[in-house]
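Next come the chains, spelled out residue by residue.
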Amino acid sequence: MKRIVVLGAGESGAGAAVLAKKEGFDVFVSDMSKIKDKYKKLLYDHNIEWEEGQHTEEKILNADEIIKSPGIPNEAPMVQKLIAQGTHIISEIEFAGRYTNSKMVCITGSNGKTTTTSLIYHIFKSAGYDVGLAGNIGKSLALQVAEDPHEYYIIELSSFQLDNMYDFHANIAILLNITPDHLDRYNNKFENYADSKMRIIQNQTADDSFIYWNDDPVVKKELEKFKINSVAYPFSELKETGSIAYIEDGQYRLEYPTPFNMEQEALSLTGKHNIYNSLAAGLAGNIAGIKKDVIRKSLGDFPGVEHRLEKVCDVAGVHYVNDSKATNVDACWYALESMRTPTILILGGKDKGNDYSQIYDLVKKKCVGLVYLGADNKKLHDNFDQFGIPVRDTHSMKECVEACYEMAKPGDTVLLSPCCASFDLFKNMEDRGEQFKTLVRAL
């Protein structure tokens, strides 16, 4: 009996363990952190051996194959030992793909993944398709394959997941953009990160589809290095040579596979970045044969994604917006670009090698106040104090919200769009966003 060891017992790891058990493997799960109760129960219910708070070498190094959770870096000591002895390491998505023939719609990019993935799922669900949501959001793909299989899966893929995928095959691959992010995991080399994103098209054939942003210079450069075997569906903000999805004269247009158009104003998502997300999602639905009236309705009634330019409430004439998902500079750029009122911007967290110069001009143009929120705000001071914009230094969400309330005037917008990961002060970006919303609503 082959032995599978799963490193990390979160959503992906626990799901992978269940599928491995179902397929007859000898399974062991190991997590250096404490395992959540719901995942312990899942492992107990399937009689799967596990440990938490440690990695026991004799139970891990004898694995025939390792399924590694995406949050664990290759630099982790146990992973280094496994690499040194040549043990094959894969992702949960790679493992799950071996046991299903379902259609895979896969979305990656530095920004917009969650919104686009959720919108595509909304379109497919509205069309009555048998569809599951997986990857970075939704339920574990492996667990769904094991216990709740679907005809289609809409999968949000991070670069970390793509790194450990080898034979997995996307029927529809979507690449939204490539901008600097997670460089600390890629030896601070942007080209390594960009190459990781391009893995989404590996194994595609002439029967598959590749949707990508035609305006992105990095994507264009990367495509020169890779052979595209699938049918290309480039999209752009405006009509360009080669693009088959774009905005023209206030109309949202798709040229093929089936011509489609609707009023841009009818799109539920606003802001330049959401034009790209809506074009990519519409193309995916069109390629999958979903009827025009369903695509049109779905693009118009999609409610949006929590923690992504989420409207919280108005307090004393000040508008509060939760964009906690903006964990890199490019995401913050799009958020600021969409602001139409004087803005108090909340920045900070765990820096991932950020180049803040990308948002200098927008900060100077849009912001009337800056609130730094982090354990160490020195880099923020070094970058933004020079502009003479009022600044407050805070180290908890309570301090942050109080500072925003004192600084903001009626007609202003307070925007939490931090540019950084959340792990210095919060459990994750959801925790950061939830704390922000709770404290704002209590004002």
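Up top is the structure these notes are about.
**Brief notes about helix α9 (residues 190-197)**
Phase 1 of the analysis: Within the span of α9, buried status applies to Tyr193, Ala194, Ser196 and Lys197. An end-on view of α9 places all buried positions within 155° of arc, on one side of the element.

**Focus on the sheet that holds strand β7 (residues 131-135)**
Phase 1 of the analysis: With respect to topology, nine strands assemble into an open sheet ordered β7-β8-β6-β9-β10-β11-β12-β13-β14, the strand pairing being mixed. Strands at the two margins of the open sheet, each flanked by one partner only, are β7 and β14 (260-263). Across this sheet, the average inter-strand angle for adjacent strands is 15°, counted without regard to direction.
Phase 2 of the analysis: Bridge count between strand β6 (residues 103-108) and strand β9 (residues 172-175): four bridges; the pairing is parallel. The partner of Thr108 across the bridge, within β9, is Leu175.
Phase 3 of the analysis: Helix α12 (residues 292-301) contacts β13 (251-254) and β14 of the sheet and is inclined by roughly 35° relative to β14.

**A word on the pattern of salt bridges**
Phase 1 of the analysis: Tallied over the full model, the rule gives 19 salt bridges.
Phase 2 of the analysis: Of the charged contacts, one joins Asp301 and Lys297 as a salt bridge, the two residues approaching to 2.7 Å between their closest N and O atoms. Here Asp301 and its partner Lys297 are both found in helix α12, four residues apart, which amounts to about one turn of the helix.
Phase 3 of the analysis: When its relative accessible area of 58% is taken as the criterion, Lys297 is described as exposed.
Phase 4 of the analysis: One salt-bridge network, held together by shared partners, links Glu306, Glu310, Glu434 and Lys437.

**Some points on the nonpolar core**
Phase 1 of the analysis: Judged by nonpolar contacts, the single largest core of 50 residues is most densely connected at Val29, Phe95, Cys106, Leu141, Ile155, Leu157 and Ile178.
Phase 2 of the analysis: For this core, the element with the highest residue contribution is helix α1 (residues 11-22), accounting for six residues.
Phase 3 of the analysis: In this structure, Phe95 is in contact with Ile4, Ala16, Leu19, Ala20, Phe25, Ile67 and Ile90, ignoring residues within four places of it in sequence.
Phase 4 of the analysis: Counting residues in each nonpolar core, the second largest holds 42 residues, with Ile107, Ile244, Tyr252 and Ala281 among its members.

**Examining the environment of Asp207**
Phase 1 of the analysis: Following the sequence through the fold, Asp207 ends up in the loop between α9 and β10 (209-213).
Phase 2 of the analysis: A relative accessible area of 74% places Asp207 in the exposed class.

**Notes on the pairing of strand β20 (residues 413-416)**
Phase 1 of the analysis: By the alternation rule, side chains of β20 split into Thr413 and Leu415 and Val414 and Leu416, which are all buried.
Phase 2 of the analysis: For strand β16 (residues 318-322) and β20, the ladder comprises four bridges, and the chain directions are parallel. Residue pairing across strands places Val321 opposite Leu415, the latter belonging to β20.

**Description of the sheet that holds strand β19 (residues 391-394)**
Phase 1 of the analysis: Overall, mixed pairing links the six strands, which are arranged β15-β16-β20-β17-β18-β19 in an open sheet. Two strands bound the open sheet, and with one partner strand each, they are β15 (310-315) and β19. Pairwise comparison of adjacent strand axes, ignoring direction, gives a mean angle of 20° for this sheet.
Phase 2 of the analysis: Summarising the sheet, β15 and β16 pair through five bridges and their orientation is antiparallel. Of the residues in β16, the one forming a bridge with Glu310 is Asn322.
Phase 3 of the analysis: This element, helix α17 (residues 429-441), spans β15, β16, β17 (343-347) and β20 of the sheet and lies at about 20° to β15.

**A short note on unusual backbone geometry**
Most peptide bonds are trans, and most residues other than glycine sit at a negative phi.
Phase 1 of the analysis: Residues Tyr256 and Pro257 are joined by a peptide bond in cis, for which omega reads 10°.
Phase 2 of the analysis: Mapping Pro257 onto the fold places it in the loop between β13 and β14.
Phase 3 of the analysis: The phi dihedral of Leu309 falls on the positive side, at around 45°, and the residue is not glycine.
Phase 4 of the analysis: Looking at the secondary structure, you find Leu309 in the loop between α12 and β15.

**Here we look at the environment of Asn214**
Phase 1 of the analysis: Take Asn214: it is sitting in the loop between β10 and α10 (217-223).
Phase 2 of the analysis: Look at Asn214 and you get buried, because its relative accessible area is 9%.
Phase 3 of the analysis: Sequence separation between Asn214 and Ser243 is 29 residues, and the spatial gap between their C-alpha atoms is 6.7 Å.
Phase 4 of the analysis: The contact partners of Asn214, leaving out residues within four places of it in the chain, are Lys220, Pro234, Phe235, Ser236, Glu240, Thr241, Gly242 and Ser243.

What counts, and where the lines are drawn
- As a convention, each chain's residues are numbered from 1 in the sequence order in which they are written.
- Confidence filtering applies because this is a predicted model: local features only for residues at pLDDT of at least 70, side-chain atom pairs given and counted only at 80 or more, and all residues used for totals across whole chains, interfaces and linings.
- Heavy atoms throughout the structure, all of them, feed into the side-chain values; hydrogens and water do not.
- For each residue, the accessible area found with a 1.4 Å probe, counting protein chains only, is set against the maximum for its type, and the residue is called buried under 20%, exposed over 50%, and partly exposed in between.
- By definition, any uninterrupted DSSP run of H or I lasting at least four residues is a helix, any uninterrupted run of E lasting at least two residues is a strand, and each is numbered from the N terminus.
- Note: the arc covers the axis-to-C-beta directions of the helix.
- Pairing between strands is defined by DSSP: at least two bridges between the two strands are required.
- Every axis in this analysis is a line fitted to C-alpha atoms, fitted for helices over the stretch in contact. Angles between the N-to-C directions lie between 0 and 180 degrees.
- Two residues qualify as a contact provided that any one of their heavy atoms is within 4.5 Å of a heavy atom in the partner residue.
- Within this document, salt bridges are pairs made up of a side-chain nitrogen of Lys or Arg and a carboxyl oxygen of Asp or Glu, the two lying within 4 Å of each other.
- In these notes, a set of buried Ala, Val, Leu, Ile, Met, Phe, Trp, Tyr and Cys residues joined through side-chain atoms within 4.5 Å is what counts as a nonpolar core.

Just geometry here; none of it tells us what the structure is for.
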